[in-house]
Protein chains: 2
Amino acid sequence: MTQLPSHVDIREVGPRDGLQIEAPISTAGKIRLLQALVATGVRRIEATAFVSPRAVPAMADAERIAEYVGTVPGVDWSGLVASPNGATRAIGSGLRTIEYVVSAADGHSWANARRSTQDAVDAVAEVARIVHDAGGRLEVIIATAWDCPFDGPTDPQRTAGIAARALELGADQLCFGDTIGTATPARVRRLLDAVRAAIGGPGDGGADPVALGAHFHNTRGTGIASAFAAVQAGIRQLDASVGGLGGCPFAPGASGNIATEELVYLLDDAGISTGVDLDAVLAAAAVARELVGHPLESNLFRAGGRNRPRPAPADDR
Amino acid sequence: MTQLPSHVDIREVGPRDGLQIEAPISTAGKIRLLQALVATGVRRIEATAFVSPRAVPAMADAERIAEYVGTVPGVDWSGLVASPNGATRAIGSGLRTIEYVVSAADGHSWANARRSTQDAVDAVAEVARIVHDAGGRLEVIIATAWDCPFDGPTDPQRTAGIAARALELGADQLCFGDTIGTATPARVRRLLDAVRAAIGGPGDGGADPVALGAHFHNTRGTGIASAFAAVQAGIRQLDASVGGLGGCPFAPGASGNIATEELVYLLDDAGISTGVDLDAVLAAAAVARELVGHPLESNLFRAGGRNRPRPAPADDR
């Protein structure tokens, strides 16, 4: 437990990654959730995605969500894009923190974005130009950083090479996505070692050349352990989703993102501040539970915190 | 990730802790599950509990289960007891590895065993005599080692003091129970530091004076992370339950023990051998799923392993 930081920065991804696979909920409902999330104290929120409304109907109201969040100061609101066109839309909507996702594995890249990893990585340059011309900031998220549902394990050297190339092409920060929820603590460490060797990071205790983030799903039950392993390995930016919203279209029944409240609960106990209030996250999860209309994956939401009442509806198993 | 061991010893507790809160299933059904568990390669299995059949109807067939496991060599079969009378029953049934549970917190001790922690700890001497006179081995499990559902947080010094006293009174090994699933990695480290200060253990890297085990529930989603933190802190014996069977009678909807398959999945990736085959655990979980008749808590069972088919029935969410 040495080398633990005093602070970890959580990005709440429930409104985007969490709701993406749900049946579309109303823009007004989403705004209720966003308001509840702002009240948690979290200062980075992934608001929406600028992707094809045919492919992802739940994100068809991206411009309206962006318009709303433009009225809410004090939060670093981000939008996810998968192409230069998406970046143009996101910038046009007023957002200035843009996440551009590339898949480290070709199989997932073709399925998700209908092009190869190479082409997706090359496009970082154009996306960076669009974002930087508007005074924005570009984060490149490397999906399938550990494993691909089609291609199997991703060679850490491959992911590390993409990370280095994305920085050369203009990325301001990086995030590694455990897209299908297969990462484990040992493999987190292995990938981060490879990435730091490729991008010139000094490893534990020193500063990486750019901020490195990580994004875990709890699909095999190891997401929270992987997230804590990432913190132990020097990662200071973690994605999480209120209530554990989310899932994987390639694994029916699979659970979603790591739950924000479970991450906060763990970090609180370790004396690591997040600025996020656990009770307020549980209240936001109750809003999410009502909006999606089915039980949430979060164990903590179902059980209640230590010395806290159980917030989930009584019939959620 | 330094100081990781080459081997961790898993005890499968599904047949006892897992089934304890379920509606009773037939002895024949339990034997099917035990057979599936033996096939996983696990070499320590908690077979049953010798407790009041009125209080725990699911364990009313303890003697019949003990009779069966007596015919299956190669496994260290254990039985849980909560009193000297229970120990006499367990020894009489032929078992020679006895787990005696004491609650570190008075509130839980009264609720669970209708006596104070002090009285329960004092009885270690009598239980040890019964077990040792028969040539058996006694493990003392300290329940509510971190938190009590009635009394709140348990002072680590209190748990540590009970550990030291249990050793003086004859315990051959110790296990710390996260009874209501509230532990987190930082608190695991804190408790183990306190315990080692009390029992004279040398801490990381050296040998503890007796084997120390840990038992986590995943009620707040932090069970697997806590288990791995325990391994990082030098624990070499972990309890887990096939499919994540189990739960907490004090928290409706709360999830159960950490799932054996999720623990094995994580340890496999870290190069830590367990002797337990992941596919065989998933097969055993399928047996458990059929016997209990409801979806299991294990995320990995619902999603399938990396590059493995999804073993849960199609309609398990």
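Residues numbered from 1 in each chain as written. Chains lettered and ligands numbered in written order. Predicted model: local features only at pLDDT ≥ 70, side-chain atom pairs only at ≥ 80, totals over all residues. Heavy atoms only, no water.

1. Considerations on the overall build of chain A
Argument step 1. What chain A contains, in helices and strands, is 13 helices and 10 strands.
Argument step 2. If one aligns the C-alpha atoms of chain A with their principal axes, the spans along those axes are about 50 × 45 × 35 Å.
Argument step 3. Expressed as a percentage of the 317 residues in chain A, the buried residues total 66%.
Argument step 4. With the model as given, the accessible surface of chain A reaches about 10,600 Å², and the carbon-plus-sulfur share is 51%.
Argument step 5. Distance between charge centres in chain A, computed from 28 positive and 36 negative side chains, equals 2 Å. (Helix = DSSP H or I, 4+ residues; strand = E, 2+ residues; numbered from the N terminus. Buried < 20%, exposed > 50% of the residue type's maximum accessible area, 1.4 Å probe, protein only. Areas by Shrake-Rupley, 256 points an atom, 1.4 Å probe, with all protein chains shown as cover. Lys, Arg positive; Asp, Glu negative; His and termini not counted. Charge placed at Lys NZ, Arg CZ, Asp CG, Glu CD.)

2. Observations concerning the environment of Leu 34 of chain B
Residue and element names in this part refer to chain B.
Argument step 1. Tracing the backbone through its elements, the reader meets Leu 34 in helix α2 (residues 27-38).
Argument step 2. Leu 34 sits 20 residues away from Gly 14 along the chain, and the two C-alpha atoms are 9.2 Å apart.
Argument step 3. Leu 34 has contacts with Pro 15, Ile 45, Ile 65, Tyr 68, Val 69 and Trp 77, leaving out every residue within four places of it along the chain. (Contact = heavy atoms within 4.5 Å.)

3. Quick word on the sheet that holds strand β5 (residues 137-143) of chain A
Residue and element names in this part refer to chain A.
Argument step 1. Read around the closed barrel, the eight strands follow the order β1-β2-β3-β4-β5-β8-β9-β10; overall the barrel is parallel. The mean angle between the axes of side-by-side strands here comes to 30°, regardless of whether they run parallel or antiparallel.
Argument step 2. Against the sheet, helix α7 (residues 124-133) touches β4 (97-103) and β5, its axis set at about 150° to β5.
Argument step 3. On top of the sheet, helix α8 (residues 156-168) reaches β4, β5 and β8 (173-177); it is set at about 155° to β8, its chief contact. (Pairing = 2+ DSSP bridges. Axes fitted to C-alpha atoms, helices over the stretch in contact; angles between N-to-C directions.)

4. Details of the sheet that holds strand β9 (residues 212-215) of chain B
Residues and elements named next belong to chain B.
Argument step 1. Spatial ordering of the closed barrel is given by β1-β2-β3-β4-β5-β8-β9-β10, a layout of eight strands whose pairing is parallel. Direction aside, neighbouring strands of the sheet carry axes that sit 30° apart on average.
Argument step 2. In this fold α2 packs onto β1 (9-12), β2 (44-50) and β3 (76-81), with an angle of close to 155° to the strand it touches most, β2.
Argument step 3. In the packing of helix α8 (residues 156-168) onto the sheet, contacts are made with β4 (97-103), β5 (137-143) and β8 (173-177), and the angle to β8 comes to roughly 155°.

5. As for the side chain of Asn 218 of chain A
Argument step 1. Along the chain, Asn 218 of chain A turns up in the loop between β9 (212-215) and α10 (223-232).
Argument step 2. Setting aside residues up to four positions removed in sequence, Asn 218 of chain A forms contacts with Gly 223, Ile 224, Ser 255, Gly 256, Asn 257 and Ile 258 of chain A together with Asn 299 of chain B.

6. Notes on the pattern of salt bridges
Argument step 1. The full count for this structure, using the stated rule, is 34 salt bridges over all chains.
Argument step 2. Between Glu 139 of chain A and Arg 11 of chain A there is a salt bridge, with the nearest N and O atoms lying 2.7 Å from each other. Separated by 128 residues along the polypeptide, Glu 139 of chain A in strand β5 and Arg 11 of chain A in strand β1 (residues 9-12) bring together distant segments of the chain. Here the two residues Glu 139 of chain A and Arg 11 of chain A agree in accessibility, since each one is buried.
Argument step 3. One salt bridge in this structure joins Arg 187 of chain B and Asp 147 of chain B, with 2.6 Å as the shortest N-O distance. Within this pair, whereas Arg 187 of chain B is found in helix α9 (residues 185-199), its partner Asp 147 of chain B is found in strand β6 (residues 147-148), the two being separated by 40 residues in sequence. A single burial state applies to Arg 187 of chain B and to Asp 147 of chain B, both of which are buried. (Salt bridge = Lys/Arg side-chain N within 4 Å of Asp/Glu carboxyl O.)

7. Points about the relation of the copies chain B and chain A
Argument step 1. Note on the copies: chain B fits chain A at an RMSD of 0.0 Å, the axial shift is 0.0 Å, and the rotation between them is 180°. Taken together, the rotation and translation describe the operation of a two-fold axis. Residues of chain B ranked by C-alpha distance from the rotation axis are headed by Ala 225 of chain B, positioned 2.0 Å from it.
Argument step 2. The fraction of interface residues of chain B whose copies in chain A are also interface residues reaches 100%, indicating that both copies meet through the same surface. (Least-squares fit on C-alpha atoms with pLDDT ≥ 70 in both.)

8. Describing the environment of Asp 9 of chain A
Residues and elements named next belong to chain A.
Argument step 1. Inspection of the secondary structure assignment puts Asp 9 in strand β1.
Argument step 2. Taking relative accessible area as the criterion, Asp 9 reaches 22% and is therefore assigned partly exposed.
Argument step 3. Residues within four places of Asp 9 in sequence aside, it is in contact with Arg 44, Arg 236, Gln 237 and Leu 238.

So yeah, pure geometry; function would need other evidence.
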